[in-house]
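One-letter residues, chain by chain:
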Amino acid sequence: SNTGYFADFLELLCGVIPQNYTKSGDLLQEVLGVRGYDISRTVFFEKPVQVGDSTRYIDAYLPDTRVLIEQKGRKVDLNAPQMQSGGDMLTPYEQAKRYSDNLPVDQHARWIVTCNFSEIHIHDMNAPQPAVAASCITLEELPDQWHRLLFLVDAANARIEKEREMSMKAGVLVSEIYNALTEKAGRVTDAVVLQQLNRFCVRLVFCLYAEDAGLFDKDQFLDYISAVVKPSAVRERIMKLFRALNMQPQQRDPFDEELRAFPFVNGGLFAESDADFIPPLDESLCNLIRDAAHFDWRGISPTIFGGLFESTLNPATRRSGGMHYTSVENIHKVIDPLFLNALTAELHSIREENRGTSLVRKLEAFRDKLASLTFLDPACGSGNFLTETFISLLRLENEAVRYLSNGQATFGGDFSRVKVSIQQFYGIEINDFAVSVAKAALWVADAQMWRETQEFTDQQLADFLPLQSYENIREGNALEMDWTDNLPNRHVDYIISNPPFVGARYMSKEQKEGLLYVCKDIHGAGDLDYVSAWFVKAAEIMQQDPATRTSFVATNSITQGQSVALLWRHILQERGMKINLAYRTFKWMNETKDTAAVHCVIVGFSGQKTPCRLFDEQGEEHSVSRLNGYLMEAQDAFITKRTKPLCNVPEMGIGNKPIDGGHYLFTPEEKEAFLAQEPGAAPYFHPWMGAEELINGKKRFCLWLGDVAPNILRTLPHCMERVEKVRAYRAASKSAPTRKIADTPRRFHVENMPKGTYIAIPEVSSENRQYIPMALLDETTICSNLLKLIPNATLYHFGVLISAMHMAWMRAVAGRLEMRYRYSGGVVYNNFPWATPTDKQRERIEARAQAVLDARAKYPESTLADLYDPNTMPDDLRKAHRDLDSAVDAAYGRKFNDDSDRVTHLFTLYQKLTEQGK
């Protein structure tokens, strides 16, 4: 079989084989230096791909490196066409390329490998003609040529890594120049001067890029500034050049041949040069600029470029503005499912189904469609989303033209010019420097794509200048602006963005005012995160223009807890929107030097009813019938905080909150030392249980003196000393409520000490656990406010709460602290729809719950963290939980396929219960 062939190939090539094979080689471990290579997660065998109406299967696909492998038998000529099942004659490479073309855009092969065990052909898909530019390694050459296979295991191939590295180096150069400039300017705070410094840096970088990219002559800028030595003369020459680049050559000084040799740039980049301020330069600053000119700027990524450029800003400014810079991979998580995958599929469909003049006509219509689309990023920062979208659209158009011309620059007429333009891309950004950077990034992307276009059109790089005047990126506060007032016909096809992440309690006064202004129709909007305002503004636009579609990145908080009832009730019910696609919580990483990781979701929504797609926590795509505000495949439900449970179950409270300055809490050693001095205090010590103590088995004790008779307490001087310290601690507080309780120093601020048995649930717990560790405790233990307590609870209540049913509900509706679960009484517990079990079902749940406790008891030295770690959970405890899950499921009336099925059922039951007024 092909899988068997590839197993041999992996054994030969990499020393890794599927689990059902017993042999293994050592190339990966001993030569490539890779340890712990998990083939089940690294290689997809027989990966299905839809080609027309047929499902075909890729022999092997390595998603980490986007390597697609087509394996043939030992006697097959890798250069000869073979008959396919559909009747086509294709070479192994052409067969693999067809598979690749029909994968989602972000899965297109970066490398295609074909092999017949005698030869290995490697096709670099970034090469101008990958079909004919394959490199070949024979079996005999492998011992000396193994290094050419590093792309198989390198998470980013050498070219991409080099581009990233060069972009990072470029960012460091710009940062050094910018910091030196601000220092020479005396660390000015004047907004106008800072704006001029920012503009100077943008223009400088454009000149550095232009001479390497062929827009200027080679080293033209470097030679120009190196013609003089004195820093004052360098400064004067740069200012003269910037003025000249805003003029046609014939308008410049006719006797200055150097300046007349530079092209006319225009486009607004060098406008108003006379007003610009450049601080005096010294020798070190001039050397920094010359060093930057020696750097090869052609290799930078224009998408990463903006984020690196913005890294010259003060990090504190970035944090207060909520800005995060976006990796190319994460940008595609937004744009691919929103529109790019569909456009790619449309192009491939045209190519597969049409021939002759019909093909030309349809491809031309496709190019017109690409050129007609408009895109808006209303928090565009340095333009990452717009830049990468522009590049992606232009590459689609290039592919269409390349297909017609077979890679030859012989097509005249309409096909001699690309139609996709940066004029289709619009942005709003509050930071003036970012506005300039975004424009420059798009110009740089345009120049780089111009070079690609030359392969198959008659366009020349010289035609790139002068720059198109580009005023589509507007400076201003997006929450105070009409997003569409400068768009053609006030219509935008796609709104895409990574709006600022600022929590509800961390906004500035101005940010809070902006949020409340936009969300004025949402009662309780003050509890929403800042990003919510962008969702509401987009919904307003789409309500008026149903053809528009939106996809935003946001902190995961907007799809959890109270935010769903506040934000999504407004958007889905009052604005009539529908969620069309979503990525559940994942870490959003960026490309800047000070990498930020934020736990995010992606939500695509519109006024259109379209097929829904959901990407789970592992990035796997699922087609679903609908998506609600919790990003679950279930009907809309907006769960608000309740003060009482929805069903007839015991009420939940929080544990005790001492506000004692730590004077009533003791480690075991501190307790023993205290009792050695005052043995009479022993009856008043109790185990103290918080989340850390419950989950990780930490031992602490609480000295509870609230109920001690005064005459007894007066015989315990060390206890009296503790009481006095608590009184003084509270009296010295800046908080008025805390000072008030200084009058009752023996009591806690919050007291909850249930009698009998009660359930304790940690407020925060790791997302890696299948079950939140909860426990049945008795009245000898005093709990902290980091635990939720349910007095008068039974084994039945414990069994239901620690079951998969309740865990699925909790994961759907609870808030998160980063990724960890934040259990809430008001939202999670009080809204949970309990089943109505028969007596027999209740007894069965109780028995299974006891079995869980019995399984735990077999491991007295293990903590709940040990027992509920997925990697160390004992088999008998795991089985006890599975049995309990089955018993609880049965009480809800049927067998469930998975947690998603459970949640769908629970949302339906919740709706019924709330409609009944319960």
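Higher on the page you've got the structure.
Here the structure is a predicted model, which is why all the values come from computation and not from measurement.

K.L.:
Looking at this structure, I do not really get the overall build of the protein chain. What am I missing?
P.N.:
Each helix and strand in the protein chain was counted, giving 32 helices and 28 strands. Put simply, of all contacts in the protein chain between residues at least 6 apart along the chain, 70% involve residues at least 24 apart. Total accessible area computed for the protein chain in this model is approximately 39,800 Å², and 49% of it derives from carbon and sulfur atoms.

K.L.:
Quick question: what am I supposed to make of the pattern of salt bridges here?
P.N.:
It is possible for side chains of opposite charge to pair when their charged atoms get near one another. Using the criterion set out here, one finds 31 salt bridges in the structure. D88 is paired through a salt bridge with R98; the nearest N and O atoms lie 2.9 Å apart. Within this pair, whereas D88 is found in the loop between β4 (82-83) and β5 (89-90), its partner R98 is found in helix α4 (residues 92-101), the two being separated by 10 residues in sequence. Note that K788 is salt-bridged to E763, the shortest N-O span being 3.3 Å. Taken together, the residues span a long stretch of sequence, with K788 in strand β26 (residues 787-791) and E763 in the loop between β22 (758-762) and β23 (764-765) at a distance of 25 residues. Given a relative accessible area of 10%, K788 falls into the buried group. Classification of E763 by relative accessible area gives partly exposed; the value is 22%. Residues joined in a network through salt bridges with shared partners are E364, R367, D368, E397 and K419.

K.L.:
Would you mind showing me how to read the sheet that holds strand β19 (residues 665-666) here?
P.N.:
Strands in a sheet are paired, the pairing made by backbone hydrogen bonds, and the direction either parallel or antiparallel. Taken together, four strands build an open sheet; the order of strands is β19-β21-β20-β25 and the sheet is mixed. Looking at strand neighbours, the two that pair on one side only are β19 and β25 (782-783), the edges of this open sheet.

K.L.:
Is there a simple way to think about the packing of aromatic side chains in this case?
P.N.:
Each pair of aromatic rings is reported with the distance of its centres and the angle of its planes. Under the criterion given, the structure shown has 33 aromatic pairs. Judged by centre distance (6.3 Å) and plane angle (70°), the ring pair of F206 and F270 falls under edge-to-face. Note that F206 is positioned in helix α7 (residues 191-213) and F270 in the loop between α10 (257-260) and α11 (283-294), a separation of 64 residues in sequence. Neither residue differs from the other here; F206 and F270 are each classed as buried.

K.L.:
Would you take a moment to explain the pairing of strand β3 (residues 67-71) for this structure?
P.N.:
Successive side chains on a regular strand alternate, one facing one side of the sheet and the next facing the other. The buried fraction of β3 is high, at five of five residues. Burial along β3 is two-sided: V67, I69 and Q71 and L68 and E70, pointing in opposite directions, are all buried. With three bridges joining them, strand β2 (residues 54-62) and β3 adopt antiparallel strand pairing. Looking at β3, one finds that L62 is bridged to V67. Of the strand pairs in this sheet, β3 and strand β6 (residues 111-115) are connected by five bridges, and their pairing is parallel. Paired with I69 across the two strands is V113, which belongs to β6.

The rules behind the values
- Residues numbered from 1 in each chain as written.
- Predicted model: local features only at pLDDT ≥ 70, side-chain atom pairs only at ≥ 80, totals over all residues.
- Heavy atoms only, no water.
- Helix = DSSP H or I, 4+ residues; strand = E, 2+ residues; numbered from the N terminus.
- Contact = heavy atoms within 4.5 Å.
- Areas by Shrake-Rupley, 256 points an atom, 1.4 Å probe, with all protein chains shown as cover.
- Salt bridge = Lys/Arg side-chain N within 4 Å of Asp/Glu carboxyl O.
- Buried < 20%, exposed > 50% of the residue type's maximum accessible area, 1.4 Å probe, protein only.
- Pairing = 2+ DSSP bridges.
- Phe/Tyr/Trp six-rings, centres within 6.5 Å; stacked < 30°, edge-to-face > 60°.

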